[in-house]
Every structure is written in C-alpha cells, then in structure tokens.
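Here is what each chain is made of, one letter per residue.
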Amino acid sequence: MYVKKNISILLAVVILMLSLPMSVGAVTDSDLTAPSAILVDSENFNILYEKNSHEQRSVASITKVMTVLLIMEDIEKGKISLTDTVTASAHAASMGGSDIWLEEGEQMSLDDMLKATLVASANDAAVALAEYTEGSEEAFVKRMNSRAKELGMKDTVFKNCNGLDEEGHISSAYDVALMSAELIKHTKVFDYTSIWLDFLRDGKTQIVNTNKLLKSYNGITGLKTGTTDDAGSCISATAKRDGLSLIAVVLGSDSGTDRFKDASILLDYGFNNYSVIIPKEKKLPKVKVNKGMESEVEVYSNPPKSVLVSKGSDSEIIVKVNLPKKIDAPVEKDKKIGEITYSVNNKVVQKMDIRCKKSVEECSFGNSFRYLLSQLISL
C-alpha cells in the first residue's frame, strides 16, 4: 500500500513536470546540418540564433518573398488588384523548374497567379506578375534591388524574380529574414501560405504546397521554400504561438527533409525558451502651451510593440515617460516633444515618440483678432 502510494505521487509529479513549459538549451551549430541559418522574432527582429547568417549564397525560390512583397505593397497602394487579369508572355511561359505550365497568352487572375507563386512556387507565375506590374522582369528586378537596399539587405543582389540559378544572384539568411519579416506585415499573405492543396484553371490543375511543415509543425504559418542545384534546399519558415511570431531561415541543406528538420529545431528552441509581453499603453497628460492661442495641447504616441523575454524569468517592463510640462508656441501638428521608453532588466527595448495631436498658433495681435472675428461670425 505504501509503495503504491509513493508510485502514485511520483506519477503525479512527472505529469505535472511534463505539463510545464520546458526550456531547451541553446542551439549549437552542430545541431543543424545546414551551413547557414538564423532565428529571429519577427516583430522586433531580435536574433535568437545565427550560423553564418551573412554568408552570401544562392537562395532559390525564397527570392519570391521579395517578389510577393512588392506585389502586396502595390495592392495596398491601389496600383493593382487581386481581380486584375494577368496575361502570360512568351518569356514567362519559357521558365523552367517548378511552374504551372503557363502558355503564351494564357490569362489568369492576379489572385491565382499569387496563389501559384506562393503555394506551388511557380517560376512562370512569378515572372508574369513581375511583367504585369513593371512592364518587364528587368524593370521589376531593378525595383527588387532598390527595395532590398531600403530594408538594409546588404548581402543581396537579385538577378531575376523567381530564384532560378543565375551567376551573381545571391542573398543571406539574415537578409532573407529581413524581407520575410517585412512581407508578413501584410497578413493577407497567410491566406496563400497556409493553403495545403488547391486548384487552378477551374479545377483542372492541382497545386500542393511545397512547405511540408504545414502538415507537421504546430503553429506554422508559412512562408517559402526553395531548391536548386546551386542553393541546395532552403526555407524561410514562419510560425506563431501565444503571440510570439518567429522566423527560421535555413539555407543550403542537402535535402528537403534536412531543411524541415533544421527549421523545426530552431522554431522549437524559440518557442520553448521565449515568450512575449505586451506593455500597457500609457495615458498621456495634456501639455501646457506658453503664449499660444490655446493654453494646452493633446499629445499621442504609437502603441507599444510586444517585448521578447526569456521564459521562466521575472522580467518586468519599466515604463518611463519623458515629457515637458510646458512648451512654447507655435506648435506644429505631429511635432515630437518627448518619448516613452520601455526597459527590461535595465535595458531599453523600445522607444516611442510622443507627438502633438494638433497645431497651436502663437498668440499675437493678428491671430487674436482673427480668432475674435471668427467667433463673432459664428454667432
């Protein structure tokens, strides 16, 4: 009876321990078979692990992350629409590798071309999209390189829009993570990257997602795979659990199985060791205005982003508001007059500007007269 009771207690303890979040030791380079990799949280781009992350390499169809980013930006600007009709040129139809076998003159909606690009990694669809938006693939690639510079992608040179092997077409794990983080700000992309199986051409063409993690990894949301002779097997894998969004980039694996395994190892490490805290928004007081047509002005700040912390730590977010009690007129709308800092363990993790909600003119005879006149007219 005594032994049975002890066994019951032991089992209860084991079950309790298994139910608690377990931290996993740091990932070492030997844990991964890939020669280059990186793990970041997508919102603040904290690097949680990296291995030769700035090594310039071919990245195959992960190139399409930038292609789709430009398409998504054009959609949001109203330059193009998902309902637009895209016509395949002879150049687009001539692409090899993974494709949907577009024929010259064949038409599809922009929505279906995007679906083919992201789900089936169709090289021909990517070129058709590039030509539709910029007139030629060459012009589109020029724009890709320009956008890469804006994002700080210093290791990257694009020579085409689909990732087929071409001399000088290079990027890095770090740069892939950068453009992936930018793309997933456009949450519409997940409507495509979460598709496992779908159809084009009124059901005549079946497409299956090249990202097999969709079927095996909890929380996976995307993003893009790539495989060529020069690049090997690559993936930019995005996943989200309990508010924490991670990006794991793996380049140069020997096989598709290896890249998925390495990406899973990185994502597991991130989710098991880190979590996010969202700071509470700070209510900001009005600021008095010296010699202004109004005695005070309302101020605002952007809401804080989530803060990454280590699991199991007693990390507390300290919020400090640096804001003057008075400012001198004239005051311009959106003028920065202070900032909010968010710190964890004495380290500043975020800064948010405090700005004026409206303009306040300086008090003068002319301004006062116009103000009194406007009041009389409104009576």
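Here, the structure is the one placed above.
Structure report, in brief. Only a predicted model underlies this, so the values are computations on that prediction, with no experimental measurement involved.

So, the pairing of strand 5 (residues 197-200)
Part 1 of the argument: Here strand 5 pairs with strand 6 (residues 205-208) via four bridges, running antiparallel. By the bridge assignment for strand 6, leucine 200 is matched with threonine 205.
Part 2 of the argument: The antiparallel pairing of strand 5 with strand 6 creates a hairpin that spans four residues between the two strands, and arginine 201 there sits at a positive phi of about 55 degrees.

Here we look at the environment of threonine 205
Part 1 of the argument: Along the chain, the position of threonine 205 falls in strand 6.
Part 2 of the argument: Threonine 205 gets classed as buried once you look at its relative accessible area, which sits at 9%.
Part 3 of the argument: On a C-alpha basis, the gap between threonine 205 and isoleucine 100 in space is 8.0 Å, while along the polypeptide they are 105 residues apart.
Part 4 of the argument: Among residues more than four places away in sequence, those in contact with threonine 205 are Trp101, Asp198, Phe199 and Leu200.
Part 5 of the argument: At 2.9 Å, the side chain of threonine 205 and the side chain of arginine 201 are in polar contact.

Examining the sheet that holds strand 9 (residues 244-253)
Part 1 of the argument: A sheet is described by the order of its strands in space; here five strands give the open sequence 2-1-9-8-7, paired in antiparallel fashion. Looking at the sheet topology across the chains shown, the edges are occupied by strand 2 (47-51) and strand 7 (220-228). Recorded for the sheet is a direction-independent mean angle of 5 degrees between the axes of neighbouring strands.
Part 2 of the argument: Here strand 7 runs beside strand 8 (residues 232-241); their pairing, made up of eight bridges, is antiparallel.

Calculation notes
- Residues numbered from 1 in each chain as written.
- Predicted model: local features only at pLDDT ≥ 70, side-chain atom pairs only at ≥ 80, totals over all residues.
- Heavy atoms only, no water.
- Pairing = 2+ DSSP bridges.
- Helix = DSSP H or I, 4+ residues; strand = E, 2+ residues; numbered from the N terminus.
- Buried < 20%, exposed > 50% of the residue type's maximum accessible area, 1.4 Å probe, protein only.
- Contact = heavy atoms within 4.5 Å.
- Polar contact = N/O pair within 3.5 Å; in protein donor to acceptor, adjacent residues only side chain to side chain.
- Axes fitted to C-alpha atoms, helices over the stretch in contact; angles between N-to-C directions.

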